[in-house]
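Descriptive structure summary
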Amino acid sequence: MNKLDNFKINNNVAYFLGVLHSDGCIYTFNNKVTNRKQIRINLGVGKRSIPMSKKFAQIFLSSFGRTVNIRKVPNKESYVIQTSINRLWYLFKNWNNEKIPIEIQKNKILFCTYLAGLIDGDGHIKIKNNIDRILPQCRVRISSSHPLIPVGNLIKKYLNCAVHYYYVKTENSVDTCFYVSKKNIYDVKKYVIANMVLPHKIDRFNEYLKKYESGRI
């Protein structure tokens, strides 16, 4: 495939990168048959995340011209997408190691779509019904092996809220957390939730939205 001329990051690519930076990875190895370095992309998910994998595969085709298959891992309840990206490395090298493209950093809608991919991948939504609050709270946390500082800074910028990092010693991970509130609920609903695809996470958000709307004064 020839290089993609005038490639631009749109909402689809922003979501794709959010998923890649959460549940995906890029790795290299030496192909013993060709004796050449092989660069591969890998996305591994559980059964509930298959809709996300399907969207990932659809964007791979529509945006990069690459057809990929979702295959079940033998003897496991998990699924994987794996393919070579040697010919696409001129693009993907700019996004490896969780690098957020400058186009996404500078665009609120693109970042929120990227965030939708992150949440579909490694996000968790919790509704906190604190007895000392009239309205419940909705906390979103994104799990990783390290604090997602660049993501957190962009959440502060575009979603107008504080960001906290919680170290989970038992899981050897760090949660990047923020709250949905009246300051950002419009943007979360219109630009984040609208671009997500995993039903169980969307349903959790919608549960909070209903409580928020019913309890709002």
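Presented here is an overview of the structure given in this document. Per chain, residues are indexed from 1 in the order of the written sequence. Only residues with pLDDT of at least 70 are given local features in this predicted model, and only at 80 or more are side-chain atom pairs given and counted; all residues enter the totals for whole chains, interfaces and linings. No hydrogens and no water enter the side-chain calculation; it runs on all heavy atoms of the structure.

For the rest of this paragraph, the subject is the packing of helix α1 (residues 11-23) against helix α2 (residues 50-64). Angular values range over 0 to 180 degrees, each being the angle between N-to-C directions of two axes fitted as lines to C-alpha atoms, with helices fitted over their stretch in contact. By the criteria applied, helices consist of DSSP H or I runs no shorter than four residues and strands consist of E runs no shorter than two, each listed in order from the N terminus. Taken N-terminus to C-terminus, the directions of α1 and α2 make an angle of 130°; their axes are 10 Å apart at the nearest point. Classified by the angle between their axes, α1 and α2 sit oblique to one another. You can see that α1 and α2 cross each other, and the crossing is left-handed. Across the interface between the two elements, Asn 12, Val 13, Tyr 15, Phe 16, Val 19, Leu 20 and Asp 23 from α1 touch Met 52, Lys 55, Phe 56, Ile 59, Phe 60, Ser 63 and Phe 64 from α2. When the residues that make up the contact of α1 with α2 are grouped by side-chain class, the tally is 10 nonpolar, 2 polar and 2 charged. Oblique is the label for any angle not covered by the other classes, which are roughly parallel (under 35 degrees), roughly antiparallel (over 145) and roughly perpendicular (65 to 115). The crossing is said to be left-handed when, going from far helix to near helix, the turn is anticlockwise and less than a right angle, and right-handed when the turn is clockwise. We call two residues contacting when some pair of their heavy atoms lies within 4.5 Å. By the convention adopted, Pro, Cys, Tyr, Trp, Phe, Met, Ile, Leu, Val and Ala count as nonpolar, Lys, Arg, Asp and Glu as charged, and the other residues, Gly among them, as polar.

On to the sheet that holds strand β5 (residues 123-128). At least two DSSP bridges between two strands are required for those strands to pair. Reading across the sheet, the 4 strands line up as β5-β6-β8-β7 and stay open at both edges, with antiparallel pairing between neighbours. Looking at the sheet topology across the chains shown, the edges are occupied by β5 and β7 (164-168). Put simply, the sheet's adjacent strands are angled 30° from each other on average, direction ignored. Of the pairings in the sheet, the one linking strand β6 (residues 137-144) to strand β8 (residues 173-180) comprises 7 bridges and is antiparallel in character. In the sheet register, Ile 142 faces β8, and the bridge partner there is Thr 176. Contacts between helix α5 (residues 108-122) and the sheet are confined to β5, β6 and β8, with β6 contributing the most and set at about 80° to the helix. Set on the sheet, helix α8 (residues 199-215) makes contact with β5, β6 and β8; between it and β5 the angle comes to about 25°.

Now for the nonpolar core. Buried Ala, Val, Leu, Ile, Met, Phe, Trp, Tyr and Cys residues that are joined via side-chain atoms within 4.5 Å together make up what is termed a nonpolar core. Only protein chains enter the area calculation, which uses a 1.4 Å probe; residues under 20% of their type maximum are buried, those over 50% are exposed, and those in between are partly exposed. Phe 60, Phe 92, Leu 115 and Phe 205 are the most contacted members of the largest nonpolar core, which has 65 residues in total. A per-element tally of this core places α5 first, with 8 residues. When sequence neighbours within four positions are dropped, the list of residues in contact with Phe 205 reads Ile 119, Ile 125, Cys 138, Val 140, Val 180, Val 188, Ile 193 and Met 196.

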